[in-house]
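Each chain is listed here by its residues.
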Amino acid sequence: MSLKADFKDPGKDVLGELFEKKDCFQGQRKTEHIETIIIRHKIVLLPTVLIVIFGLFSVLGVNALIREFIPTDANLIKKISITVDFLFVSIIAHFLFINLMNFYLKLVIITNLRIIDVKFTTIFSRSMDALDLHNIQDINMKRTGFWRWALNFGRIVMHNASGNELFDFKYLKNPLKNYNIINHVHYKAMHSRVAIQKSIQRHQGNQPKQTDWEDISEE
Amino acid sequence: MQNFFIFFLLGTAILSLLTGLLVVFSIYKISSKNRLLIYKNPFTPKLPIRKLALIYLFVIIALGIGFNFYFFFFL
C-alpha cells in the first residue's frame with residue numbers, strides 16, 4: 001500500500017474552509033496553509049494562579065485583620081488600609097490578565113511549508129521564528145513522568161542534520177497527536193521536494209536517482 | 001491628608017485604566033494582523049483573545065470605580 005494514499009491531511013477536515021482564507025498570520029506565504037496550531041498546556045499558568053491566590057489571601061487578610069482590631073475612631077488607618085487593598089488588587093488583576101493573554105499569544109503554527117514559533121506578549125514583545133520543513137532531520141517527543149502522562153503535556157524537540165536543536169517546545173498540549181501531525185507534514189514536504197527534484201532531472205534529460213523516499217513509497 | 005488619599009486613589013485608578021486601554025489596543029492590533037487568534041476553531045482558545053481583553057478592561061474599570069466609591073461614601 002502506498003504511504004501517499006494512507007496520508008491524511010490533518011488540518012483540512014477539521015478546519016474546513018476556515019483557513020482557506022489568507023492572512024491568518026503575519027508573514028504567511030501565498031501557497032502556505034495552516035495544518036494545525038499548538039498551544040501550551042494550561043499547567044504553565046499554575047505559578048500565576050498560586051501567586052494570585054497567595055497574594056490575595058495574605059494582603060487582603062492582613063488588612064482585614066488590621067481593620068477588625070483597630071479602634072473605630074482611627075479613620076486614618078482604615079483609609080491607608082483601603083488604599084493599600086486597592087493598589088494591591090489592581091496590581092494582581094493586571095498580573096493575572098496579562099499573564100493569561102500572554103499564554104494565549106504564544107503559539108506554534110504548523111503549515112505545509114514551515115513551522116513557526118510565535119512568541120508575542122501583550123504590549124512590548126513581538127517575536128516569530130520560522131523553520132522550513134526541509135531543514136528538519138529528526139523530531140523527538142518526550143512525555144515522561146506521572147503528571148505529564150495524566151495531564152497529557154510534553155515536549156517536542158527538532159534537530160537538523162548536524163544534530164543541533166532547532167526548536168524546543170516545552171509544555172505542549174497533546175504531544176503525541178501533535179508529534180504525529182508534524183511527522184506527516186514533514187514526510188509530505190520531503191516527498192514533494194524529491195518529486196520536484198526528479199522532475200527537474202527528467203526535464204534536463206538525466207536519469208533520476210533512486211532515493212530513500214522512493215523506496216518507502218513503493219512498499 | 002484627605003487630599004493626598006483622593007489624589008492617590010484617583011491617580012492609581014487612572015493609571016490602571018490607561019494600562020488597560022494600552023493592552024486592549026495592543027491586543028486588537030495583534031489580532032487584526034494575525035487573524036487566527038480570533039477565529040473560533042478547535043485549536044485556538046474557547047475564549048477568544050479579544051473577549052478576554054474586554055473582560056480585563058471591564059474588571060479594571062470596575063475595581064477603580066468600586067474602591068473609589070467605597071472610599072468616598074463609606075469612610
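Throughout what follows, the structure given in this document is the object of discussion. (Residues numbered from 1 in each chain as written. Chains lettered and ligands numbered in written order. Predicted model: local features only at pLDDT ≥ 70, side-chain atom pairs only at ≥ 80, totals over all residues. Heavy atoms only, no water.)

1. Quick look at the packing of helix H4 (residues 75–104) of chain A against helix H1 (residues 2–33) of chain B
How two helices sit against one another is set out by the angle between their axes and by the gap between those axes.
And step 1. Packing of H4 of chain A against H1 of chain B leaves a shortest axis separation of 11 Å and a crossing angle of 5°. Taken together, the axis directions place H4 of chain A and H1 of chain B in an arrangement best described as roughly parallel. Contact residues: H4 of chain A offers Leu76, Lys79, Ile80, Thr83, Phe86, Leu87, Ser90, His94, Ile98 and Met101 of chain A, while H1 of chain B offers Gln2, Phe5, Phe8, Leu9, Thr12, Ala13, Ser16, Thr19, Gly20, Val23 and Ile27 of chain B.
And step 2. Of the residues assigned to the contact of H4 of chain A with H1 of chain B, the class counts are 12 nonpolar, eight polar and one charged. (Axes fitted to C-alpha atoms, helices over the stretch in contact; angles between N-to-C directions. Helix = DSSP H or I, 4+ residues; strand = E, 2+ residues; numbered from the N terminus. Parallel < 35°, antiparallel > 145°, perpendicular 65-115°, else oblique. Contact = heavy atoms within 4.5 Å. Nonpolar A, V, L, I, M, F, W, Y, C, P; charged D, E, K, R; others polar.)

2. Quick word on helix H6 (residues 175–203) of chain A
All names here are of chain A.
And step 1. Between its first and last C-alpha, H6 extends 42 Å over 29 residues, near the 42 Å set by a 1.5 Å rise per residue.
And step 2. Those residues of H6 not exposed but buried are Pro175, Asn178, Ile181, Ile182, Val185, His186, Tyr187, Ala189, Met190, His191, Val194 and Lys198.
And step 3. Of the residues trailing H6, Gly205 is marked for its positive phi of about 85°. (Expected span 1.5 Å × (residues − 1). Buried < 20%, exposed > 50% of the residue type's maximum accessible area, 1.4 Å probe, protein only.)

3. What about the environment of Asn68 of chain B?
Residue and element names in this part refer to chain B.
And step 1. Position of Asn68 relative to the elements: it lies in helix H2 (residues 49–74).
And step 2. With 58 residues separating them along the chain, Asn68 and Leu10 place their C-alpha atoms 7.2 Å apart.
And step 3. Those residues in contact with Asn68 that sit more than four places away from it in its chain are Leu9, Leu10 and Ala13.

4. Overview of the interface of chain A and chain B
And step 1. In this assembly, 40 residues from chain A lie in contact with 40 residues from chain B.
And step 2. Taking both sides of the interface into account, the surface hidden between chain A and chain B amounts to around 3700 Å²; carbon and sulfur atoms contribute 81%.
And step 3. Its largest share of buried area at the contact with chain B, chain A owes to Lys79, Phe86 and Met101 of chain A, together 18% of the area lost on that side.
And step 4. Applying the counting criterion to the chain A and chain B interface returns zero salt bridges.
And step 5. Where chain A packs against chain B, one counts five residue pairs in polar contact (both at pLDDT 80 or more).
And step 6. Elements with a minimum of two residues in the side of chain A that touches chain B: helix H2 (12–15), strand E1 (34–39), H4 and strand E2 (106–111) of chain A.
And step 7. A per-element tally of the side of chain A that touches chain B places H4 of chain A first, with 19 residues. (Buried area = accessible area lost by both parts, 1.4 Å probe. Salt bridge = Lys/Arg side-chain N within 4 Å of Asp/Glu carboxyl O. Polar contact = N/O pair within 3.5 Å; in protein donor to acceptor, adjacent residues only side chain to side chain.)

5. Describing the pattern of salt bridges
All names here are of chain A.
And step 1. If you walk through the whole model with that rule in mind, you get four salt bridges over all chains.
And step 2. Among the ionic pairs, Asp117 bridges to Lys119, the shortest N-O distance being 3.7 Å.
And step 3. Judged by relative accessible area, Asp117 falls into the buried class, the value being 10%.

6. Some words on the sheet that holds E1 of chain A
Residue and element names in this part refer to chain A.
And step 1. The strand order E1-E2-E3-E4 describes an open sheet built from four strands, whose pairing is antiparallel. Edge positions in the open sheet fall to E1 and strand E4 (126–132), since each of these has one partner strand only. Averaged over all pairs of adjacent strands, the angle between strand axes in this sheet comes to 15°, irrespective of strand direction.
And step 2. Sitting on the sheet, H6 touches E1, E2 and strand E3 (114–120), and the angle it makes with E1 is about 150°. (Pairing = 2+ DSSP bridges.)

7. A closer look at the nonpolar core
And step 1. Ranked by internal contacts, the top residues of the largest apolar core, which has 39 residues, are Met101 of chain A together with Leu36 and Ile49 of chain B.
And step 2. For this core, the secondary structure elements donating two or more residues are E1, H4, E2 and E3 of chain A together with H1 and H2 of chain B.
And step 3. Membership of the second largest hydrophobic core comes to 17 residues, among which are Val108, Ile115, Ile136 and Phe167 of chain A. (Core = buried A, V, L, I, M, F, W, Y, C linked by side-chain atoms within 4.5 Å.)

8. Considerations on H2 of chain B
And step 1. End to end, H2 of chain B covers 37 Å across 26 residues, agreeing with the expected 38 Å (1.5 Å per residue, within 8%).
And step 2. When we look at burial in H2 of chain B, the residues that qualify are Ile49, Leu52, Ala53, Tyr56, Leu57, Ile60, Leu63, Gly64, Phe67, Asn68 and Phe71 of chain B.
And step 3. Considering only its buried residues, H2 of chain B is in contact with H4 of chain A together with H1 of chain B.

9. Description of the sheet that holds strand E7 (residues 165–173) of chain A
All names here are of chain A.
And step 1. What the three strands build is an open sheet, ordered E5-E6-E7; its pairing is antiparallel. Both edges of this open sheet fall to strand E5 (138–142) and E7, since each of them pairs with a single strand only. This sheet shows a mean twist of 15° between the axes of neighbouring strands, independent of strand direction.
And step 2. In this sheet, E7 lies alongside strand E6 (residues 153–159) in antiparallel orientation, the contact comprising six bridges. The partner of Phe153 across the bridge, within E7, is Lys173.
And step 3. Sheet strands touched by H6: E5, E6 and E7. Its angle to E5, the strand with the most contacts, is close to 170°.

10. Quick word on the packing of aromatic side chains
And step 1. Inspection of the entire model under this criterion finds 12 aromatic pairs over all chains.
And step 2. On the numbers, 4.8 Å between centres and 45° between planes, the contact of Phe69 of chain B with Phe73 of chain B is tilted. Of this pair, Phe69 of chain B and Phe73 of chain B both sit in helix H2, four residues apart, roughly one helical turn.
And step 3. With a relative accessible area of 47%, Phe69 of chain B lands in the partly exposed category.
And step 4. Within the aromatic cluster, the residues linked to one another by ring pairs are Phe4, Phe5, Phe8, Phe71 and Phe72 of chain B.
And step 5. Note that Arg126 of chain A overlies the ring of Phe120 of chain A, its terminal NZ or CZ placed 5.9 Å from the centroid. (Phe/Tyr/Trp six-rings, centres within 6.5 Å; stacked < 30°, edge-to-face > 60°. Lys NZ or Arg CZ within 6 Å of the ring centre and 35° of its normal.)

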